[in-house]
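Structural overview for review
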Amino acid sequence: MKKRMWLPVCMTMVLSFLLTGTAAQAGNTIKVGIVDTYTGPASTYTNDVRDAFKLATDKINAKGGILGKKIEFVTRDDKFKVDIGLSAAKELIMRENVDILMGTINSGLTLAISDLCEKEKIPFLVTFAKSEKITGEKGNRYVFSMNENTAMAGKAGAAGLAKKPYKKYWISGDDYEYGHAIADSVWNHLKTLRPDVELLGQSWWKVGEPDFTPYITAMLSAKPDAVIIATGGAGCVPFLKASAATGFNKSVPFYMHTATEMSTLAPLGLNAPEGVLGTSNYFYYFPDTPENKAFVKDFKDAYGRYPKVGALYGYITANFIAKAYEKAGEINTEKFINALEGMSIGSPIGELTVRAFDHQVMFPMFMGTTKKVEGYDYLIATDIVTIPGKDVMPSIEDIKKARGVK
Amino acid sequence: MIKKFSWKALFLGLAVFVLLLFVPRYLPRFQVYLFALIFATGLLAVSLNMVLGLGGMYQFHHAVFYGIGAYTVALFITKTSLSPWLGFIAAPFVSALFSLVIGLICVRLSKLYFGMLQISLGSLVWAVVFRWYSFTGGDDGIHGISVPDLISSTGGAYYFSLAVTALCLVIMFRIVNSPFGRSFQAVRDNPERSEAVGINVKRIQLTGMVIAGIFAGVSGSLFVVIEGSVFPELMFWTLSLEIIIMCLLGGWFTFLGPMLGAAIIVLLRTFVGIYTEYWTMILGIVLMLLILFLPQGVLGFFQEKFETDGMKTIREEK
Amino acid sequence: MLLVKDVQKSFDGFRAVNDAQLKVEKGEVVAVIGPNGAGKTTLFNLVTGQLNPDSGEIIFNNENIAGMPPYEICRKGISRSFQIVNIFPRLTVFENVRVSVISYNKRTFNLFSKAENVAVAETEEIIQSLGLSEKAKRISGSLSHGDQKVLEMAIALGNRPELLILDEPTAGMSPEETLSTLELMKSLSRERGITILFCEHDMELVFSIANKIMVMQHGRTIIEGPPDVVRSNREVQEAYLGGEA
Amino acid sequence: MDFASNITLSALFQQTLVGLSRTTILFIVASGLSLILGVLRIPNVAHGSLYMIGAFIMYSVNLFFGGGQAGFWIAVILSPVAVALISLAVERGLFQHLYEREHLMLLLFTFSITLVFGDLVKMIWGSDYRCVDLPSAFQGFFTIFGFPFPRYNLLLIIIGPVVAFALWFLTNKTRIGKIARAAAVDREMVGAVGINVSLIFAAVFVIGCFLAGLGGALVAPTQNIRQGMDHAIIIEAFLIVIMGGLGNIWGALLGALIFGLTDSIGILVWPQFAIVFPYVVVVIVLLFCPKGLLKSTW
């Protein structure tokens with residue numbers, strides 16, 4: 001008899017799950033939904049985005065919020081999977097009724113959510129995905145990019161490399177969109193700046209490749225002047241490791257976009273290779289301005305660690321949201337977007353502006369070289385050259401061309 | 001899996017179907033979307049069970065056929081100017097074709113060897129989709145696929161998935177209970193004996209794979225309708241394992257068990273995910289408990305409880 | 001009807017069947033006897049295609065069937081049972097038999113008709129004639145060993161064979177079960193005119209039913225002939241019947 | 001890039017050496033998997049998780065002892081032992097009740113363990129990348145025919161045959177190995193002669209998992225230790241085991257050799273398509289030897 005109770009009990013449980021209707025609507029808050037990867041290697045970047053976003057919103061809320069409303073946010077873990085993330089985004093939009101969506105580090109997922117947000121008319125502020133398609137080819141009215149993209153990174157890298165004497169190049173990278181996009185972007189811009197460069201060849205490894213030694217010897221056998229490494233995320237650390245182990249950095253100079261970032265250099269400690277050329281949006285030790293110092297202090301007080309590049313993205317996103325609503329004067333999506341287009345705010349790295357045409361925040365790029373410096377447990381970037389945002393942004397003509405509009 | 005046709009079951013099925021027709025009217029949009037997603041995923045799981053539970057074949061990389069179905073529709077809509085409906089018709093055929101080719105290579109082997117060879121071949125397909133930027137969109141996938149207006153809204157997608165899933169379930173139910181279905185079960189239980197009674201085992205396994213591929217393709221095309229996106233993860237091996245979990249969770253010796261398993265997984269993922277980042281751990285624990293205490297799956301458990309028939313002895317002997 | 005000529009088969013250098021000779025005429029009941037490991041089961045496996053012979057010919061109805069896959073040989077009219085119970089354990093008794101009837105009717109690849117309604121009469125007829133009617137709805141894996149052996153035979157009959165090969169049909173059966181199996185084999189032979197080839201350790205049974213006996217030892221055919229000839233053969237007596245007879 | 005445009009003999013030699021050091025890790029992990037598959041018939045997907053845990057423990061222990069020669073070696077020894085202890089708990093607590101189940105069920109059971117372990121690692125070690133620093137003796141590289149070859153990889157190439165020999169000794173020359181091999185063929189027989197098969201199985205399982213942990217510990221210094229390492233290795237290990245023949249240690253060695261060498265030579269010969277080479281090789285091998293290259297115990 002008792003066993004027969006199972007069926008109804010299970011049925012009720014499933015039904016109650018399903019019928020958990022719309023979460024309670026508190027009309028007095030601005031609700032932000034964050035879909036991002038909190039499981040797997042990518043989470044080393046995304047935790048900072050969330051934490052800095054919280055830091056900023058706490059500050060805003062403490063001052064009474066925006067237009068009398070507090071900012072509230074909920075997070076969903078997409079596990080770096082498009083289907084899970086897309087489903088979570090729908091849940092946030094349809095069930096949680098969020099006003100704004102934020103995230104994510106997965107470019108494919110970002111493009112999918114961007115498309116969803118256009119349909120649902122919800123602003124989507126991208127905080128880590130680097131695909132240039134997001135604000136380029138696939139850009140739309142509702143998507144904004146709060147971080148640099150592959151086109152910008154490539155342009156910055158090319159600008160730096162053009163000043164060097166190297167002629168014969170080899171390109172290597174992660175065999176996925178990000179790697180190819182960075183490599184293409186660097187190479188195309190380098191070709192325009194320095195028509196005499198020559199490409200000896202390229203090699204691509206699978207994402208998550210654990211051991212780079214075989215690739216390094218293959219590259220050495222081609223004898224290039226310099227190598228462009230287009231690897232991101234989890235690949236950076238082991239690549240630097242392998243290059244230190246083989247002395248690759250000493251025999252061939254190479255450029256790698258995020259090589260100088262703290263998430264890449266800190267795990268390696270003092271064994272990281274010196275003299276690697278890299279670009280980044282942010283260092284907690286650069287620029288040496290009061291705004292940056294204040295931000296680093298706040299962050300360190302709150303979480304006990306130094307902010308990495310993701311923290312900058314999370315922090316400015318919160319501030320952009322606050323300022324845009326204030327300018328709009330009411331909680332209205334269309335007015336919010338109109339306000340955000342072309343808006344500038346102050347930030348730890350100086351004034352940042354959202355370009356009105358493609359909704360891309362115009363980040364300056366810092367190009368530096370890895371070096372051991374007294375007082376740090378790991379290598380840091382030195383000889384930092386700032387490439388201003390307007391110089392690294394893709395031209396509006398290029399974007400129009402990519403979008404197929406006149 | 002053999003079930004006598006009964007008026008009671010037919011009546012129950014119809015009643016559920018009619019009830020489901022009213023879902024979009026009374027439930028909020030997100031739940032409607034979830035239901036549609038459960039239909040598509042459930043259809044996928046049932047299609048896998050056509051070879052896994054019915055035929056006892058270790059189809060370890062079923063997601064490939066799902067992904068191919070989805071990509072067929074997506075490419076049809078984005079790359080050709082033909083009617084998108086043709087894409088929906090083409091999807092099962094393309095999936096069937098891939099099933100046939102992969103099947104021809106794999107059926108020579110059995111059990112784990114079969115499964116691992118399928119994983120290798122499937123991973124090759126995945127690698128091609130992952131790299132072929134100009135055609136498949138590479139690892140970014142294809143997004144913003146505009147399906148016909150009729151089925152593009154949440155409600156439209158719901159009704160389309162409901163109708164297609166119901167139709168496919170009816171067809172699959174007939175196949176399960178056809179002479180082919182019986183023979184396939186015989187092959188699952190005892191391939192050697194099946195050969196000795198004149199059944200061409202390899203051919204029946206191949207046919208089973210193609211049938212499963214067809215319905216996986218249909219389910220992939222539903223995914224495009226519901227989500228409007230395709231991406232290479234749809235054919236990654238971890239998804240394949242998830243589908244197998246759905247089958248076992250629901251009960252792989254029952255017809256609708258995998259559907260139930262899919263519903264449980266989708267709901268768990270959605271609602272537990274709201275409360276904790278660690279939902280995979282919870283899924284893992286649930287699975288462990290299930291395998292330890294309920295090895296015949298949830299639906300299998302109920303079927304055993306309510307329709308005895310010596311099922312129990314079988315389990316103990318296995 | 002069946003002619004086995006110079007058939008050889010070895011596993012990893014071990015000659016399991018070495019120059020086996022056998023001739024079965026239509027309507028006969030032929031027994032193969034020999035000590036354990038003499039190669040009887042291997043010989044049957046070679047005839048029904050579970051194994052491929054290394055050399056030699058197996059002629060069935062004027063066609064060389066050596067090396068054909070089992071399902072094709074089955075379709076030519078040879079059915080068999082196995083020494084170790086070999087049924088479909090998760091299916092009911094009725095379904096077990098129906099599977100082979102479906103296969104005989106060439107409806108294995110029929111996807112859309114209802115199996116419920118297919119081959120019911122034929123299946124029932126077979127089940128009834130073997131006395132399994134009461135257990136028709138049981139899951140076959142839960143049957144007693146004796147019943148499973150009978151079911152073995154029922155499955156084999158589903159293919160309406162011209163030649164029925166039985167590998168130790170009474171192994172592990174109680175004396176009563178053995179007796180009824182004997183009766184069954186007799187009636188199959190007489191009433192249905194099925195040619196039977198079987199191997200068996202129960203000498204009483206062998207000599208009471210077989211028209212012809214073939215004796216195997218070390219994979220080799222020692223003698224082949226009518227029961228009295230075999231019984232009186234000295235070589236056989238020494239090698240096999242020895243103390244027993 | 002053109003096909004095979006920059007192959008020189010010395011580069012080929014160099015790449016072969018690199019491939020060999022990679023083979024070592026693959027072999028150690030795959031042989032453990034193969035041992036468990038061959039004797040216990042468990043397709044242990046959790047093997048990858050244990051490999052990952054081995055690497056993380058290596059990191060923590062090395063850190064605890066402040067690195068250096070001593071810390072490194074203590075960590076190399078301690079972390080597989082720790083992994084073995086974890087696996088012992090799992091085997092006694094869970095697996096021993098499941099040996100009679102179907103392979104598919106076992107596969108899923110180990111997969112669910114993977115899910116739990118994955119999240120546990122995230123809870124304990126967090127999401128940052130971790131690195132193990134090599135003691136200075138192994139840092140740097142030799143130059144062989146003009147190409148750099150990391151010293152540590154040379155150490156790996158030496159360790160590979162040592163492990164292979166130890167395994168051969170274990171399975172062929174010791175009592176437990178002989179019983180385990182007999183149990184792999186017919187466990188009922190072994191049980192019938194009064195040997196406690198359950199304990200033998202536990203021992204084999206623990207040894208197999210020890211190898212996973214050892215693989216993780218040895219690989220730790222060459223890459224970054226992170227979540228997701230488990231997924232990357234497990235499919236490769238399974239393909240190697242299948243290619244070599246289930247349960248055959250030498251098959252695992254052969255499979256790992258083929259896998260490691262096609263991978264690294266493929267990179268040299270045709271970089272753009274290096275990704276698909278190993279899969280293609282597996283498909284080819286299984287097409288011609290459906291049961292793997294060497295004799296399987298199944």
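This structure is a prediction, so every number in the text was calculated from the model and none was measured. (Residues numbered from 1 in each chain as written. Chains lettered and ligands numbered in written order. Predicted model: local features only at pLDDT ≥ 70, side-chain atom pairs only at ≥ 80, totals over all residues. Heavy atoms only, no water.)

1. Focus: the overall build of chain C
Cut-off, in case you're wondering: Under the scheme used here, helices are H or I runs from DSSP no shorter than 4 residues and strands are E runs no shorter than 2 residues, and both carry numbers assigned from the N terminus. Both definitions apply: the radius of gyration is a C-alpha atom measure, and the globule rule equals 2.2 Å times residues to the power 0.38. Note on contacts: a residue pair qualifies if any of its non-hydrogen atoms lie within 4.5 Å across the two residues. All accessible areas in this document rest on Shrake-Rupley with a 1.4 Å probe, and a residue is counted as covered only by the protein chains that are shown.
If you tally the helices and strands in chain C, you get nine helices and 10 strands. Against the compact-globule benchmark of 18 Å for 245 residues, chain C has a radius of gyration of 18 Å, which places it among compact chains. Sequence-distant contacts in chain C: of pairs separated by 6 or more residues, those separated by 24 or more amount to 65%. Carbon together with sulfur atoms contributes 47% to the accessible area of chain C, which is approximately 10200 Å² in total.

2. Here's the deal with the interface of chain A and chain D
Basically, it comes down to this: Defined here as a combined quantity, buried area equals the accessible surface (1.4 Å probe) lost by two parts on assembly, summed across both. Here a salt bridge means any side-chain nitrogen of Lys or Arg lying within 4 Å of a carboxyl oxygen belonging to Asp or Glu. For this analysis, a polar contact is any N or O atom pair within 3.5 Å, provided that within protein one partner can donate a hydrogen and the other can accept it, and provided that sequence-adjacent residues contribute only side-chain to side-chain pairs.
With 42 residues of chain A in contact, the opposing surface of chain D contributes 36 residues. Buried area between chain A and chain D, both sides added, is near 3300 Å², and the carbon and sulfur share of it is 55%. Joining chain A to chain D, the criterion identifies one salt bridge. Residue A:Asp77 is joined to D:Lys122 by a salt bridge in which the shortest nitrogen-to-oxygen separation is 3.9 Å. In this structure, the connection of chain A to chain D is made through six residue pairs in polar contact (both at pLDDT 80 or more). At the level of elements, helix 2 (43-62), strand 7 (198-205), helix 7 (213-222) and helix 8 (236-246) of chain A are the ones that each hand at least two residues to the side of chain A that touches chain D.

3. Observations concerning the nonpolar core
Threshold: Buried residues of nine kinds, namely Ala, Val, Leu, Ile, Met, Phe, Trp, Tyr and Cys, make up a nonpolar core once their side-chain atoms join them within 4.5 Å. A simple rule labels every residue: compare its accessible area, found with a 1.4 Å probe on the protein chains alone, to the largest value its type can have, and call it buried under 20%, exposed over 50%, or partly exposed in between.
A:Leu101, A:Met219, A:Phe239, A:Phe320, A:Leu340 and C:Phe198 are the most contacted members of the largest nonpolar core, which has 414 residues in total. The dominant element in this core, judged by the number of residues it contributes, is helix 3 (residues 29-52) of chain B, at 18 residues. Residue contacts for A:Met219: discarding those within four places in its chain leaves A:Trp170, A:Ser172, A:Ser203, A:Trp205, A:Pro224, A:Val227, A:Ile229, A:Phe239 and A:Phe248. Of all hydrophobic cores here, the second largest spans 27 residues; its members include C:Met1, C:Leu2, C:Ile58 and C:Ile73.

4. Comments concerning the domain arrangement of chain C
All names here are of chain C. Quick note on the threshold: All domain edges in this entry derive from an automatic or database-based domain assignment.
In terms of domain boundaries, chain C breaks down into domain 1 (1-77 + 162-173 + 189-245) and domain 2 (87-160). For domain 1 versus domain 2, the distance between C-alpha centres works out to 26 Å. If you look at the interface, domain 1 gives 12 residues, while domain 2 gives 11 residues. Taken as a group, Leu 164, Met 173 and Arg 192 account for 44% of the area that domain 1 buries against domain 2, more than any other trio of residues on that side. In this structure, Arg 192 and Glu 125 form a salt bridge, with 3.5 Å as the shortest nitrogen-oxygen distance. Between domain 1 and domain 2 we count three residue pairs in polar contact (both at pLDDT 80 or more) in total.

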